[in-house]
Amino acid sequence: MNLNASHTRYSDQMGLFDRVFQISWSYLFFITLIAVIGYVALYSAASGNIEPWALSHAIRFSVGVVGLLVVALIDLKLWHRYAYWIYAIGLCLLLAVEIKGFVGMGAQRWINLGFINLQPSEIMKICVVIALARYFNGVTVEDIRNPKTLIIPLILVLLPTALVMTQPDLGTALMILMVAGAIFFLAGVSYWLFGIVLAGGVACIPVAWHFMQDYQKRRVLTFLNPESDPLGSGYHITQSKIALGSGGISGKGFLEGTQSHLNFLPEKQTDFIFTLMAEEWGFIGSCAILLLFIVIMIYGYLIAFRSNNQFGRLLALGITMNFLLYVFINISMVTGLIPVVGVPLPMISNGGSAMMAALFGFGLIMCVYVHRDYKFGKR
Amino acid sequence: MSQDTDRYKLFSRRAIVLGGLKIGVFGGLAARLGYLQISEQQKFQTMSDKNRIGHRMLPASRGEIVDRFGVPLAVNNQNFRAFIIPEQIEDLDRIFDKLSNFIFLSEFEIEEVRIAITKQRRFTPVLIKEGLNWQQTARLEFHLPELPGLFIEEGEVRHYPLGPATAHLIGYVGRVSETEMTSDPIMSMPGFRIGKTGIEKKYDPVLRGKAGSVRTEVNAVGREIRELAKTESEDGHRVKLTIDAELQIYCQELLAQHKSASCVVMDSQNGQVYALCSSPSFDPNLFSFGISAEQWEELLSNPAVPLTNKAIAGHYPPGSTFKIVTALAALEAGIIDDSTSFYCRGYHEVGRDRFHCWKASGHGHVNLKKSLQQSCDVFYYEVAEKLGIEKIAQMSRRLGLGDQLGIEIPGERSGLVPDKNWKRGHFGTKWQLGETVIASIGQGYLLTTPLQLATMTARVINGKKAVKPILTYDVEGLKVPKPDWPELNINQRHLDLVIQGMNAVTMSEKGTARAARIKEEGMSMGGKTGTAQVRRTTRAQRRAGVKNEDLPWKDRHHALFIAHAPIDNPRYVCAVVVEHGVSGSGTAAPLARDIMTEVQRRNPAINQTSGSESL
């Protein structure tokens, strides 16, 4: 039975020292590279100042990288064992903001932890991935054909989705659904089931429209025709496109972006940071950034394929998917492909919560890599 | 283990599908970026520049207008204007509410501001009110902290120190209308005013100057970050007129004794106009901040048409002042000489028609000098019969009647000198001898303006050149060409005969304007009275002996007088017309006397400074 006898050194029992040696430093290098680009972009966003964004970005990253390594060095079995507990903690945090938001005024999506404003929904996305990975790790290829098997994971997904939806944060809710969908897909759920859900989803759009908040509806309408109100709600997207387009092939040059530095571009240090980079560095620069994200994606895949356990594979690809979703949504948004939904560009946009979540995720992927030769039982 | 291998295979297949999908999305994003940043680059570059580069115009001061001595006739005053920046205002109603404590804003003004706000970009200032006085400005400045989004700016507003006295001459300025819009960028400046009438209109391109501009890099809220390029503005040029401001005021006040009158005082040698007045007048300063509807209505409905410059646009039959034209034409044609005389028995018959002399009892034997002195009509009836209308018309034109003289203010009318051709063209009928007869004494179809009458007199006095009236003394930075008038080509002896007759009008015992002669030593004037019928005196009126002054104002005769002075070496000429003033000798001549006395006393042709204050 033991076909991998030669790898016993790494399987099941590894000392801390062994693990450190298993860390993929090249993966960490690319992660760091993204953060460095973020630092440079934020430096430019502040018109050539490290205050107020670039410096805190660097500090956050430095702290975060330590966290990443800690997460990576924790035994993967522990992540597996406590997967549902972690999920439960995430859910509690989500409930906490929900109650707090209910008591306070309006939609408050974060909890102040002193050094950081933690947005539980960001963490929750990863918690869902962990929980689902744990669940599907224990499901055989045969079981997965049985729809009953999907009841528990569906509950795992829909519970936080519903909570996030009531915040209301439609974007995050959709992201949780998409990440979960990816894991269901990777776990082997039949294509036709996806077909049914997709069809059902489309049918639900009118219903969803009905439940949307006014500002959400306005965003969608503005997206469909941004020129209708160039100084009102269409302003963001129009100015973003002007900034991108005027960047041209080679860009206006570092610190020379007129749209961003003259404040025509809104939210240039957060949601529209990609626009700032594309304006200053042009098509070449923006494609280079895309390429970097592709590299991150490829690492995710290589690690998943290399992993010897289903838990690790699903975890690696699930989290990669989660990360890429941010990237896709953010860039689609600033290029005017989808409505403005307020999703940051992870590791680059100014903001603590998103970076913490991203680094936590990368830590888990790294953990999968470090423990790539582990084999799990079904439970 | 095979269980896990199967799962791994399934996972791998699914992962590859999902990975392909993601690569597809990346490809889509790259394509989108390529579209925006390569295909559409030009378009977005332009939009970005439009965003980034702001144009701000720099105002140019409007050129001053001064009289011949430098007395200001049109100047620029400080104009405090209140603006709001819509972007910085939370509650517009509250602002209006607060403002009403300090300045008066009508419903209409508030409505205008509201409309302007909706039309402009949120950071473009909107004018609330201009022409704020010191007190209002000070109070607003003091309360600025309570009025966020409000600011006060100092601009310029046109002011006319002489007010009504120069209203027709200088004109006024107003907002640019659609038809006046040209490509000159200065016109789009807030608060720019264009010359609407008078000198302000004629010289507007010179007066308005050139707007400067600053190209600035602006940020999203329109705040200027740095200057990219700057062109300084050029102020308008100063225009100096030939007018003597004090004489102008004097004349205007004089004319104001009558319901409606006008006068022109000019120089027979160089054509310079010293005074050009039309009464009643209006205050051009009313137009500075936009005239109210009531005031405008009042000006329009006044039967004495205060808005019309009657000195250049009033059409009057010249009456007996025209006799000098008929006399010169007859002298030139050889029909009369200084000794030729006709017998006046109070009327003259042409065919079956009887033409009356103003003196029913007749003048007896009348020669040229006496015909002018006593303004005998019959003398001219006799002459006209032999002379014919064509020769009269020709002489009229040579003396400056029947066409515009090209004075430097718009609105000049051309008058009318009828002849056979004109009548055929106009009525399609043949010219009648009787029409020549009444034309000879300046009645019938003949129409002249006061400016033409003054010019006619100037040409007679000048004798050499066909003088034209000139208002421009000089324009700063601009070459005003020296006038080049054609020769008059009228026999000097003939002119002297006519001038002698005109001198007799005031100087001799029986002259029609004897009562209005100037008694000051060396200032005597010569002239010619004119009493122009507005409506033909009917037989019934003649029989009943109805006095003209008892008729309704509109039906009374016009009173005219043309004059020159001093008689020894005449230089100044003037024409005075009092609408429906009944009698040339009784109404117009005394005005001319006062005007001619004043102009000689001031002697603007010789004096270099404007009288009293400069002494």
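Along each chain, residues carry numbers from 1 onward, in the same order as the chain's sequence is written. Chains carry letters and ligands carry numbers; both start at the beginning, A for chains and 1 for ligands, and go up in the order they are written. The predicted origin of the model limits local features to residues at a pLDDT of at least 70 and limits the giving and counting of side-chain atom pairs to 80 or more, whereas totals for whole chains, interfaces and linings rest on all residues.

**Student:** Looking at this structure, I do not really get the confidence of the model for chain A. What am I missing?
**Tutor:** The predicted structure's coordinates, where accompanied by low pLDDT, should not be read in detail. Here chain A averages 86 in pLDDT, while 89% of its residues score no lower than 70. The score called pLDDT rates the predictor's confidence residue by residue, from a low of 0 to a high of 100. Contact definition: two residues whose C-beta atoms, as placed from backbone geometry, lie within 7 Å. Note on residues 1–11 of chain A: pLDDT under 50 across the span, and nine contacts to partners over four residues away in sequence or across chains.

**Student:** Got a minute to help me understand the environment of B:Ile336 in this structure?
**Tutor:** All names here are of chain B. By secondary structure assignment, the location of Ile336 is in the loop between helix 12 (323–333) and strand 13 (341–344). Under the C-beta neighbour-count criterion, Ile336 is labelled buried, with 25 such atoms within 10 Å. Through-space distance from the C-alpha of Ile336 to that of Leu368 is 8.1 Å; in sequence the pair is 32 residues apart. The contact partners of Ile336, leaving out residues within four places of it in the chain, are Ala330, Leu331, Leu368 and Val383. Secondary structure elements are taken from DSSP: a helix is a run of H or I of four residues or more, a strand is a run of E of two residues or more, and numbering for both begins at the N terminus. Whether a residue is buried, exposed or partly exposed follows from its count of other C-beta atoms within 10 Å of its own C-beta, namely 20 or more, 12 or fewer, or something in between, respectively; the C-beta atoms are built from the backbone.

**Student:** How should the packing of helix 6 (residues 120–137) of chain A against helix 16 (residues 352–370) of chain A be read in this particular structure?
**Tutor:** Each packed pair of helices is defined by two parameters, the angle between the axes and the distance between the axes. Residue and element names in this part refer to chain A. In this description, a line fitted to the C-alpha atoms serves as the axis of each element, helices being fitted only across the stretch in contact, and the angle between N-to-C directions of two axes falls anywhere from 0 to 180 degrees. Relative orientation of the contacting elements helix 6 and helix 16 amounts to 15°, with a least axis distance of 8 Å. With respect to helix 16, the element helix 6 is oriented roughly parallel. In terms of crossing hand, the pair formed by helix 6 and helix 16 is right-handed. Residue-level contacts link Glu122, Ile123 and Ile126 of helix 6 to Ser353, Ala354, Ala357, Phe360 and Gly361 of helix 16. We call Asp, Glu, Lys and Arg charged. Ala, Val, Leu, Ile, Met, Phe, Trp, Tyr, Cys and Pro are nonpolar, and the rest, Gly among them, are polar. Tallied by class, the residues present in the contact of helix 6 with helix 16 amount to five nonpolar, two polar and one charged. In these notes the angle categories are as follows: under 35 degrees is roughly parallel, over 145 is roughly antiparallel, 65 to 115 is roughly perpendicular, and the rest is oblique. In this scheme the crossing of two helices becomes right-handed for a clockwise turn of the near helix relative to the far one and left-handed for an anticlockwise turn of less than a right angle.

**Student:** It is not clear to me how helix 15 (residues 310–334) of chain A should be interpreted in this structure. Could you clarify?
**Tutor:** Residues and elements named next belong to chain A. Compared with an ideal rise of 1.5 Å per residue, which puts 25 residues at 36 Å, helix 15 spans 36 Å between its outermost C-alpha atoms and is within 8% of the ideal. For helix 15, a buried count of 24 out of 25 residues is recorded, marking the element as mostly surrounded by other parts of the structure. Following helix 15 by one or two positions, Gly336 adopts a phi angle in the positive range, close to 80°. One fewer than the residue count of a helix, multiplied by 1.5 Å, yields its expected span.

**Student:** Help me understand the sheet that holds strand 1 (residues 53–58) of chain B in this model?
**Tutor:** Strand-to-strand pairing in sheets goes through backbone hydrogen bonds, with the strands running parallel or antiparallel. Residue and element names in this part refer to chain B. Taken in spatial order, the three strands make up an open sheet running 1-8-9, and their pairing is antiparallel. Two strands lie at the open edges of the sheet, namely strand 1 and strand 9 (224–231), each paired on one side alone. Geometrically, the sheet is characterised by an average inter-axis angle of 30° between neighbouring strands, direction not taken into account. Note on pairing: two strands pair once DSSP finds at least 2 bridges between them. In the sheet, strand 8 (residues 212–218) pairs with strand 9 via six bridges, with the strands oriented antiparallel. Along strand 9, the bridge assignment pairs Arg215 with Ala229.

**Student:** Teacher, can you tell me more about the interface of chain A and chain B here?
**Tutor:** Many structure descriptions define interface size as the accessible area lost when the parts assemble. Facing 41 residues of chain A, the contacting portion of chain B comprises 36 residues. Per element, the largest residue contribution to the side of chain A that touches chain B is 11 residues, and it comes from helix 14 (residues 273–306) of chain A. Each residue belonging to the side of chain A that touches chain B can be placed in one class, and the counts come to 25 nonpolar, 14 polar and two charged.

**Student:** Please explain the pairing of strand 12 (residues 273–279) of chain B as it appears in this structure.
**Tutor:** Side-chain direction in a regular strand flips from residue to residue, so the side chains alternate between the two faces of the sheet. Residue and element names in this part refer to chain B. Within strand 12, seven of the seven residues are buried, leaving the element largely enclosed by the surrounding structure. Sheet topology places strand 11 (residues 261–267) next to strand 12; six bridges connect them, and they run antiparallel. The residue bridging Val265 from the neighbouring strand is Ala275, located in strand 12.

**Student:** Looking at this structure, how should I read the confidence of the model for chain B?
**Tutor:** Confidence in the prediction for chain B averages 88 pLDDT; 97% of positions are at 70 or higher. Scored by ipTM, the complex comes to 0.92, with pTM at 0.66.

**Student:** What's the story with unusual backbone geometry in this structure? I'm lost.
**Tutor:** Here the bond from A:Glu51 into A:Pro52 is cis, since omega is 0°, no more than 30 degrees from zero. Here A:Pro52 shows up in the loop between helix 2 (25–45) and helix 3 (54–73). Here B:Ala565 and B:Pro566 are connected by a cis peptide whose omega angle stands at -10°. Its place among the elements puts B:Pro566 in the loop between strand 19 (558–565) and strand 20 (572–578). With a phi close to 55°, B:Ser375 is a non-glycine residue in the positive phi region. Relative to the assigned elements, B:Ser375 resides in the loop between helix 13 (368–373) and helix 14 (377–387).

**Student:** Sorry, what's going on with helix 14 of chain B here?
**Tutor:** Two residues of an α-helix separated by three or four positions point the same way, owing to the 3.6 residues in each turn. Residue and element names in this part refer to chain B. For helix 14, the buried fraction is high: nine of the 11 residues fall into the buried class. Burial in helix 14 covers these residues: Asp377, Val378, Phe379, Tyr380, Tyr381, Glu382, Val383, Ala384 and Leu387. Two residues or fewer after helix 14 comes Gly388, characterised by a positive phi angle close to 85°.

**Student:** Help me understand the pairing of strand 8 of chain B, please; the structure alone is not making it clear to me.
**Tutor:** Relative to strand 8 of chain B, strand 1 of chain B is paired through six bridges, and the arrangement is antiparallel. Residue pairing in the sheet places B:Met57 in a bridge with B:Ser213 of strand 8 of chain B.

**Student:** Looking at this structure, I do not really get the packing of helix 14 of chain A against helix 15 of chain A. What am I missing?
**Tutor:** Residues and elements named next belong to chain A. Contact geometry for helix 14 and helix 15: axes closest at 9 Å, N-to-C directions at 165°. By the angle between their axes, helix 14 is roughly antiparallel relative to helix 15. As helix 14 runs across helix 15, the sense of the crossing is left-handed. On helix 15, the residues that touch Phe274, Thr275, Phe293, Ile296, Met297, Gly300, Ile303 and Ala304 of helix 14 are Arg313, Ala316, Leu317, Thr320, Phe323, Leu324, Val327, Asn330, Ile331 and Val334. Of the residues contributing to the contact of helix 14 with helix 15, the split by class is 13 nonpolar, four polar and one charged.

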